[in-house]
Amino acid sequence: MFDLRDLYQQVIVDHNKHPRNFGKLSRYNHEADGYNPLCGDRLHVYLDIDASGRIADVSFEGEGCAISMASASLMTEAMKGRSVEEMREVFDAFQRMVTDDLDALPDEERLGKLTVLAGVREFPSRIKCATLCWHTLKAAADDTAEVVKTE
Ligand code: ZN
């Protein structure tokens, strides 16, 4: 029987094995560090925001569990070309998705492919793995100097 969860699992495994936008950008004007002490995930996000407030480019470096890596990879893919305003909306929608009731439907219009991570809501200890990259991205956009910690 075809199980949608298998597809989700495949996307996460693929993004963990072959992370998109991994490495330092040659040109960037914002960056931030994120750390999830619960799991040991560490991320550094590079962000190039152009004069019109659009995310011209975004990348990440770091190491952590499959969920944290896949989430960061999917995030960079989804956020390239979006405005910082849109990024904040997607951040909120993502945060809601992973903390919502198990039977709540994710905001597919805003989240698109990111809905593959909806399953982490069943594993409360992994929610911070999935949201670390988003907190780090937001900190980069806000030029937060301190390391973002999920705890
Ligand atoms: Zn993790």
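Just above sits the structure.
Predicted, not measured: the structure shown is a model, and the values here were computed from it.

(A) Region of the structure containing unusual backbone geometry. One non-glycine residue, Asn21, lies in the positive phi region at around 55 degrees. Its place among the elements puts Asn21 in the loop between helix 1 (4-17) and strand 1 (30-36). For Asn21, a relative accessible area of 23% corresponds to the partly exposed category. Even without a glycine there, the phi angle at Asp143 is positive, about 55 degrees. Asp143 sits in the partly exposed class, given a relative accessible area of 48%.

(B) Structural detail: the sheet that holds strand 1. If you walk across this open sheet you meet the 4 strands as 3-2-1-4, and the pairing is mixed. Only two strands of the sheet have a single neighbouring strand rather than two, namely strand 3 (55-63) and strand 4 (148-149). Inspection of the sheet shows strand 1 paired to strand 4 by 2 bridges, in the parallel sense. Note that in strand 4 the partner of Gly34 across the bridge is Val148. Across the sheet, helix 2 (residues 66-79) is in contact with strand 2 (41-49) and strand 3; its angle to strand 3 comes to roughly 170 degrees.

(C) Structural view of the pattern of salt bridges. All chains considered together, the criterion is met by 10 salt bridges. One salt bridge in this structure joins Lys113 and Glu77, with 3.3 Å as the shortest N-O distance. With a gap of 36 residues between them, Lys113 in the loop between helix 4 (108-111) and helix 5 (127-141) and Glu77 in helix 2 connect regions that are remote in the sequence. Arg110 serves as the salt-bridge partner of Glu89, at 3.2 Å between the closest nitrogen and oxygen. On the criterion of sequence distance, the pair formed by Glu89 in helix 3 (residues 84-99) and Arg110 in helix 4 is long-range, its members being 21 residues apart. A residue is classified by how much of its surface remains accessible, and Glu89, at 39% relative accessible area, is partly exposed. By relative accessible area, which is 35% here, Arg110 ends up partly exposed. The network of salt bridges with common partners includes Asp14, Arg20, Glu77 and Lys113.

(D) Just helix 5, in detail. Between its terminal C-alpha atoms helix 5 stretches 22 Å, which fits the 21 Å expected from 15 residues at 1.5 Å a residue. The element helix 5 is largely enclosed, with a buried count of 12 among its 15 residues. Elements in contact with the buried residues of helix 5: strand 1, strand 2, strand 3, helix 2, helix 3 and strand 4.

(E) Seen up close, the packing of aromatic side chains. Scanning the model with the defined rule gives 3 aromatic pairs in all. The ring centre of Tyr35 lies 4.0 Å from the NZ or CZ of Arg42, which sits over that ring. Above the face of the Phe91 ring, Lys138 is positioned so that its terminal group lies 4.5 Å from the ring centre.

About the cut-offs
- Residues numbered from 1 in each chain as written.
- Predicted model: local features only at pLDDT ≥ 70, side-chain atom pairs only at ≥ 80, totals over all residues.
- Heavy atoms only, no water.
- Helix = DSSP H or I, 4+ residues; strand = E, 2+ residues; numbered from the N terminus.
- Buried < 20%, exposed > 50% of the residue type's maximum accessible area, 1.4 Å probe, protein only.
- Pairing = 2+ DSSP bridges.
- Contact = heavy atoms within 4.5 Å.
- Axes fitted to C-alpha atoms, helices over the stretch in contact; angles between N-to-C directions.
- Salt bridge = Lys/Arg side-chain N within 4 Å of Asp/Glu carboxyl O.
- Expected span 1.5 Å × (residues − 1).
- Phe/Tyr/Trp six-rings, centres within 6.5 Å; stacked < 30°, edge-to-face > 60°.
- Lys NZ or Arg CZ within 6 Å of the ring centre and 35° of its normal.

Remember, this is a structural readout, not a statement about activity or role.
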